[in-house]
Structures are given as structure tokens and as C-alpha cells.
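Here are the chains, one letter per residue:
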Amino acid sequence: MKNYILFVSEAFWNTLKGLWVTLKVLFLPAITVQYPTEKLVPYPRFRGMLAYDAEACIACGMCVRACPSKCIALAKAMPVPQQELCSSSGQPVSPEGKRVPKIEWYTIDYGRCNFCGLCEEACPTKTKALWHSLDFEAVFSTREEMTRRWKRGDDLWGTARRSADGQFSAVADQIHIQDVPVRK
Amino acid sequence: MTAEEILTELQASFPGLAKSDAQVKDYPAWTVPAQSVRAVCERLRSKFSFDYLDVITAVDWSGQVNPKGYPQSLGQQGSEAAGQPDSQTAQPSSLIPHPSSFPQGRPAAQPAGARDIFELVYLVSALSTGVKICLRCEIPRKEPAAPSLYGIFMAADWQEREVYDLFGIHFEGHPNLKRILTPETQAGYPLRKDYEHVSDRYD
Amino acid sequence: MTQESSTALKTGQMFINFGPQHPSTHGVLRIALTVEGEVVVKADPDVGYLHRGIEKLFEARNYSQGLILTDRLDYVSAMPNNLAYCLAVERLAAVQPPLRAQYLRVMVSELTRIASHLVFFGTFSVDMGAFTPFLYAFREREMILDLFEMLCGGRLLYSYIRVGGVSADCPAGWEEKCGEFITFFKPRLKDYDTLLSFNPIFKDRTANVGRISAAQALSWGLSGPNLRASGPDYDVRKAEPYCVYDKLDFTVPTGKTGSCWDRYYCRMLEMGQSAEIVLQCLDALAGTACLPAGRELPPGEIMAKGVPKILKPPAGQAYAHIEASRGDLGFYAVSDGSPTPYRMHVRGPSFLNVAILQEILAGCKIADVVAVLGSFDIVLGEVDR
């Protein structure tokens, strides 16, 4: 009985000591971020959703070979006449008139993506055509939607496959923490 | 006591024991006949205070084969969107050389192309002296069996079950030799090089 | 209860499935328990629910792609997995990473050890019915994850350590931030002791529960804190120093009885030692620590020279093992000279740690099953591979 009372009092005293630790924290500023209204901006090296720039891509297929889960696929465009090889600003892509290979289409299956960054490291273009953006808020409701496709002229987020009819349409309701994803 | 001294002492009673040609980098490797694995380990434990069994694993030396064990859809998900040329899927199989293309002039214990054996690899160590020894033991691929180390090292219990599960090597004397990682309904032994994945309801 | 129904009650052995969807199995582990009243008669752990065939998958990927798979083994502490894999491949290919990369490797694996033990601390306390420590543990863990995010872009699965070095040098301000974290973290260990370690209720629940003798632990191949709690001071960092551990000063905490509390407290002490190691590495990176003559750590030199993109190690075998957060993690790699590994075997420490459950759970009370299982700190990704 005496031992029992000793134990209970000791436990009570130790609980008070533990409460003192929590009491000290009570007056510190909260570390919780109220997520949907406040958003943390990840560090520049963060590996978020893959963004793709069809204009910069030279369709070399290095990313396809580097990917460990084979989630990337692309098709090279047929050689096109010089006039069509102009960027949106009207400047020729290569002034010497050299033929720069371009892509026909480019797909990433996010359902397979490991977010490992090997594709980005493999990308040989000066300004990476494929890179991990800071976007961490991609939401998919079906597996079909996880496939994104880019064609020349598409924006960085490409088009997603609609689960209803399997056709690709612009990504409408994706929220981005920044309008322009960081290019590394 | 160094590994060489132990080896010379053990060789007196186990004539089949020899230094392995193929070294496991940084660790001495011996080849042991399958039937004396248990006796050698028993001696190592009782006499040379080898008290820790690191690894039991196996290698199938039947040579690289086209990895048909993988679901065929690998890398073809994206191609469903539009007919994708095969050359751009870069299947891993294209990177794997045919056994006949193995470089020549390798040691005899290494695979000269395909060899019809399994190799069991045991890593035992004496924690007090820090000696770690790799025991290698070759067994035929047909009805592969080896004595179990259950009872000498309890660590052998699950590791042998794992080897049995993935390679189909039978460990004689193991009291509870059944599949451990794959389901009981699994057909075949997945880590064998000739394993082919049979489509089931999970595919 | 009426007289009739009480006589109709049968007392006998009962079969209980503990898991696979039980909150305290930390994953998908099923333990088939045969109980008699409150006492466990027979326990049969059933693993494999998370089996992904990673060892087979290695054989279809080249060496740099295989690294991604190692992250998925022990996903609570992915850095040491990367490290063990890279050490094995480096031994195969005879690559020597630069010294700066080695310090970075040690640093990140010790930070991971802290993060992993914090997860253990949090979840174990939740298992034992104390919720508060969980919040503290995850507050500190979040800081480590921020450090990793800054360093390599990943928060859980890093793929930071590469064959031949590391993927990136530390960004500006990272070392200061890391030092700040350690100064913040070290006093917190005392808080944890107050909150949980020496709380009589917690001690009553864990001390002398699930005791493992030293001989038992060695025979069953336990490693890491689980082994050291029983007495043997086997630590790969001391026994076979890899990277730069031989240049660092730290102790290996051991327990005496091998009970749940010893296993728990070993990890608590290890966190303090890891913090010390990180401090020493920071000194070395900043150039204030005495390094071997002529060996400075030039910034930016983080990759060994001449490592090709498609690595083709010469044919041969190599085994490399390290002290991961959960114990002795080893990779047995076999190369046949092609760009893909011929065979890659993973010795997951958790796999062997789970195996002993069948022996020590017999005779425990059902309530102690949770304590024993929690104290082993298993990660099923590594058990099932």
C-alpha cells in the first residue's frame, strides 16, 4: 500500500514536470501553418510537379532513358521547314539555319513518377526543358488524369487526359502556389 | 585469429573447404561444399566465436535473361496515347547483354555465360575479433537443397525462408520452411532468372 | 451473468489477428497470436504485405536508377539506404568519393538517424498512450526535413547520395541553419526525458517487458539499437568505419537488460551522439576542424571524377554494410559487367528484428505486444522489400 501511494505520488509529480514542459511551449508563437489559406513556399531545390517547356525541348530522349519508372514518353516531330521553327517571339530558334529537332508530343504519367529528379539532371538543354517546379498541389481524381500531354504551344502544365472520353484538355482547376515555376 | 589461420585449421577437418577465386570485395571468401555448410558454421561458432550471421542469400548463375518477370506494360503506359515507336521506350532489356556477350577471361568461379547452378552466400562474423567471412556454396539448379543453419544461428530462420521463397532452394532441417514474402498462391520463384510473371488478378 | 451462461463459457486458447491494419503495427504487419486469456501462447509474425520485389526490380534498372528503389526500403530514413547502396556499388566499381562528399554523407545520415528516432519516439509514445511527445518529436523532425528539402529537394525520399559522391553541395546558408537546428535540438532531449523517459507510468509499462538476452539477440541477428540494448556494443560505425566515421568522436550507447525501455533509451542517447557527429562534420565542412594534412574540403567537389553516367562495374561481388537508423543495413551486389546489377540483395535490419518476435512475444501479455513491437521500431518497407 505504501509503495502504491509512493508510486502514485511520483507519477503525479512527474506528470506535473511534463506539464511544465508543455506550459513553456504554450507561450511561444504557433508553428502551425493554416494550410489552405497560408502556403509555405518550398526551397528552390524542391522536387514538385514536373513542368515542361515544349519550345526548349530538343526531343533527344535522355529523360526517357534516365527515368527509372519509365513514366515519360515522347515522339519526335518530323523535320519541319525553317519558318515553323520559330519561337513564339518570332525569332528563329537557330540562326544558322540548323535543323533543331522538335517534339511531336510528350507525355508524363504522374501515376508512375518517382519525383526523383533524374530526368531533370539528364536534360541536356541549357535552359532545362523539363524540371521539377515548386508546385506540390497536384490533385488527380482518376488514374487517366494522371497522364499529362504536351504538344508544341502548350503551356508548362500541358493537357490532362479526361477520364470521361480519354481526350486531352487543358488543366483547368490546378492551383499553383506561384504563377511561374522556378527554373533551375 | 585471422581468416587465413582459421581456414588452415578448418581445412584439416573439411577437405572441401577452399579459398574462393571470386572475392567479395574486402571480405575473405571461401567455397564450401553444400553438405558441410552446417558443420563448418557449427565449428566456426563453437570454436572461433563466430556469433553473428549477417546474410544468407543466393545468386542464380544461369545468366542474364530477358526479364520477362516484369509486367509487360512497363514503359508503355504513355504509348497508349498515340502509337509510340518501340525504340523510344528504352526497355531495360535492351541494355542487358546476351550471356554469350560476357567479357572473356574472367576467373573460373565467375559465370562464363550461363551455368546451371545456384550459389548460396553466407556472411558470418565474429563480433569480438571483427572477422567477417563470406561462405560460398554452389548447388545444382535442379532440386536445389542445402542444410539449414536453423539452431546454430536463429537469424537463419527467416533468411532461409526468404531464400526458399524467392529461389526455391530447399533447406533441409528447417522446421518452418514456407513462403514468407510472397503469397502462398505464388507460382514460381521470382528471383530465379528464368522466372516469368504469370498474370493474376492484381495485374 | 447468470449461473447457466457462466458454465457455458469456454475457456481455452483463442486466435487473434493482430494487424495487418492495426494502428500500432506501423505498417502492414500481421501477427497471428494464439492467446490464453491475456497471455500470448504463440506469436507468428506474417510479413510480405508490402512486398514489391525490389531485389528483382534492381535487375532491370541501371545503377543510377536502382538508387531510386533504395529510398523505398526504409522510407522513414532514406539517406542511409542510399548510402549503403552507393557504398556497395562503389566497392564494385572501385570509386572513391571526395572527402567533402563523405562528410556530407555522414552528416545527412546522422540527421536522418535523428529524424528516424524522433519518429520512433513519437509513435512509441502514442503506442504507450502518451500523445504529447508525438507533437514535440514531429516539430523537430519537420526542421530536419526542411534541411533536407533545402539540400536535395526531397522531404522523405531523397536520392541525395549518389554513386561517387552526393548530388549537390549544400546551398548558401544551409550549414548555419543546420548548426541552429543542433543548438535548438540538444536541449530538447532533456525535455523528452522529462516528458517520457523517466515518467514512472511509462517506465512501468516498458521496463522489464520483452527482455532479450545478449546471446538471444546475437543469434537472431538483431542489430542497431535493438542489439545494443541487450549489451553487445556492436556498431558498424565503430567495427568497420565507413566514410569518415573513424575521424569522428562519438560513443555507442548500450543498454543492460534488453527490455523495451532499454531499446527506447538507447535511441534517445543515440540522438545526442548523432547531434555531436553533425556538429563535428559542420566544423570539418567549415574548415575549422583539423583535417589530415593537405586534405581540405574544397566547396563544390562532391563527385568523384570519372564516374560515367551509365556505370558498368567490372564483374564481381561486393558487400557493404552500414549502421542505418534501424541497424546493420547491408547490400550484397553482384555485377556481371553490364549496366544493370546481376543481383542485388538487401539485408534489411528490420527483417531480422521482426523475426525474433515469434520467440519473445510468447509469454507476454496482449497489452505488452504493442510495447514490444513498438520498441523494435520496424519499418515494413524494409521488412518486405
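Above: the structure in question.
The sections below set out a description of the structure shown in this document. Every value quoted in this text rests on a predicted model; they were computed, and no experiment measured them. Within any chain, residue numbers begin from 1 and follow the written order of that chain's sequence. To label them, take the chains in the order written and letter them from A, then take the ligands in the order written and number them from 1. Where local features are concerned, this predicted model is filtered to residues with pLDDT of at least 70; where side-chain atom pairs are given and counted, the filter is 80 or more; whole-chain, interface and lining totals use all residues. Note: side-chain values were computed over all heavy atoms of the structure, leaving out hydrogens and water.

Focus: the overall build of chain A
Where helices and strands are cited, they refer to DSSP runs of H or I of at least four residues and of E of at least two residues respectively, numbered from the N terminus. When helices and strands are tallied, chain A shows 3 helices and 7 strands. Counted from the first residue to the last, chain A has its helices and strands arranged as α-β-α-β-β-α-β-β-β-β. The proportion of buried residues among the 184 residues of chain A is 40%. Sequence-distant contacts in chain A: of pairs separated by 6 or more residues, those separated by 24 or more amount to 70%. Accessible surface for chain A amounts to roughly 10,800 Å². Of this, 60% is attributable to carbon and sulfur atoms. Buried, partly exposed and exposed residues are distinguished by accessible area as a fraction of the type maximum, computed with a 1.4 Å probe on protein chains only: under 20%, between the cut-offs, and over 50%, respectively. Contact definition: two residues touch when any of their heavy atoms are within 4.5 Å. Per-residue and other accessible areas were derived by the Shrake-Rupley procedure at a 1.4 Å probe size, with only the shown protein chains allowed to occlude residues.

Some details on the packing of helix 7 (residues 174-197) of chain C against helix 12 (residues 260-286) of chain C
Residue and element names in this part refer to chain C. One can describe the packing of helix 7 onto helix 12 by two numbers: an axis separation of 10 Å at closest approach and a directional angle of 165°. Viewed along their axes, helix 7 and helix 12 adopt a mutual orientation that is roughly antiparallel. With respect to the hand of their crossing, helix 7 and helix 12 are arranged in left-handed fashion. Axis definition: a line fitted to C-alpha atoms, over the contacting stretch in the case of helices. Angles run 0 to 180 degrees between N-to-C directions. The cut-offs work like this: below 35 degrees is roughly parallel, past 145 is roughly antiparallel, 65 to 115 is roughly perpendicular, and the gaps in between are oblique. When the near helix sits turned anticlockwise from the far one by under a right angle, the crossing is termed left-handed; a clockwise turn instead gives a right-handed crossing.

Focus: the interface of chain C and chain B
The interface is formed by 48 residues belonging to chain C together with 55 residues belonging to chain B. If you sort the residues of chain C by the area they bury against chain B, Lys56(C), Gln317(C) and Tyr342(C) come out on top, with a joint share of 18%. Take a side-chain nitrogen of Lys or Arg and a carboxyl oxygen of Asp or Glu: if they are within 4 Å of each other, that pair is a salt bridge. The interface formed by chain C and chain B includes 2 salt bridges. For the salt bridge of Arg385(C) with Glu162(B), the shortest nitrogen-to-oxygen distance reads 3.0 Å. For this analysis, a polar contact is any N or O atom pair within 3.5 Å, provided that within protein one partner can donate a hydrogen and the other can accept it, and provided that sequence-adjacent residues contribute only side-chain to side-chain pairs. At the boundary of chain C with chain B, the tally comes to 16 residue pairs in polar contact (both at pLDDT 80 or more). Here the side of chain C that touches chain B is built from residues that sort into 23 nonpolar, 12 polar and 13 charged. With 2 bridges joining them, strand 2 (residues 24-25) of chain B and strand 6 (residues 316-324) of chain C adopt parallel strand pairing. Of the residues in strand 6 of chain C, the one forming a bridge with Val24(B) is Gln317(C). As used here, buried area is the combined drop in accessible area, with a 1.4 Å probe, of two parts when they are placed together. When residues are grouped by polarity, Ala, Val, Leu, Ile, Met, Phe, Trp, Tyr, Cys and Pro land in nonpolar, Asp, Glu, Lys and Arg in charged, and all others, Gly among them, in polar. Here a strand pair is declared whenever DSSP counts at least two bridges between the two strands.

Examining helix 4 (residues 78-93) of chain C
All names here are of chain C. Every helix has an expected span of 1.5 Å times one less than the residues it contains. With 16 residues, helix 4 should reach 22 Å at 1.5 Å per residue; the first-to-last C-alpha distance of 23 Å fits that figure. Extensive coverage of helix 4 is indicated by the burial of 15 of its 16 residues. Two residues or fewer past helix 4, Ala94 is found with a positive phi of approximately 55°.

Here's the deal with a nonpolar patch on the surface
Exposure above 30% relative accessible area and no salt bridge define the residues that can form patches, which grow by joining like charges within 9 Å and nonpolar side chains of Val, Leu, Ile, Met, Phe, Trp and Tyr within 5 Å. Side chains of Met1(A), Tyr4(A), Ile5(A) and Val8(A) sit close together on the surface and give an oily, nonpolar patch of about 480 Å² of accessible area. Mapped onto the secondary structure, Val8(A) falls in helix 1 (residues 2-26).

Some details on the sheet that holds strand 3 (residues 29-31) of chain B
Residue and element names in this part refer to chain B. Sheet architecture is open: 5 strands sit in the order 1-3-6-5-4, paired in mixed fashion. Two strands lie at the open edges of the sheet, namely strand 1 (18-19) and strand 4 (52-60), each paired on one side alone. Judged from the 10 bridges that link them, strand 5 (residues 117-126) and strand 6 (residues 131-140) form a sheet pairing that is antiparallel. Among the inter-strand pairings, Ala126 is bridged to a residue of strand 6, identified as Val131. Sitting on the sheet, helix 2 (residues 37-48) is in contact with strand 3, strand 5 and strand 6, with an inclination near 165° to strand 6.

Regarding the environment of Lys47(B)
Residue and element names in this part refer to chain B. Position of Lys47 among the secondary structure elements: in helix 2. Classification of Lys47 as exposed rests on a relative accessible area of 52%. As for Lys47 and Ile6, which are separated by 41 residues in sequence, their C-alpha atoms are 9.8 Å apart.

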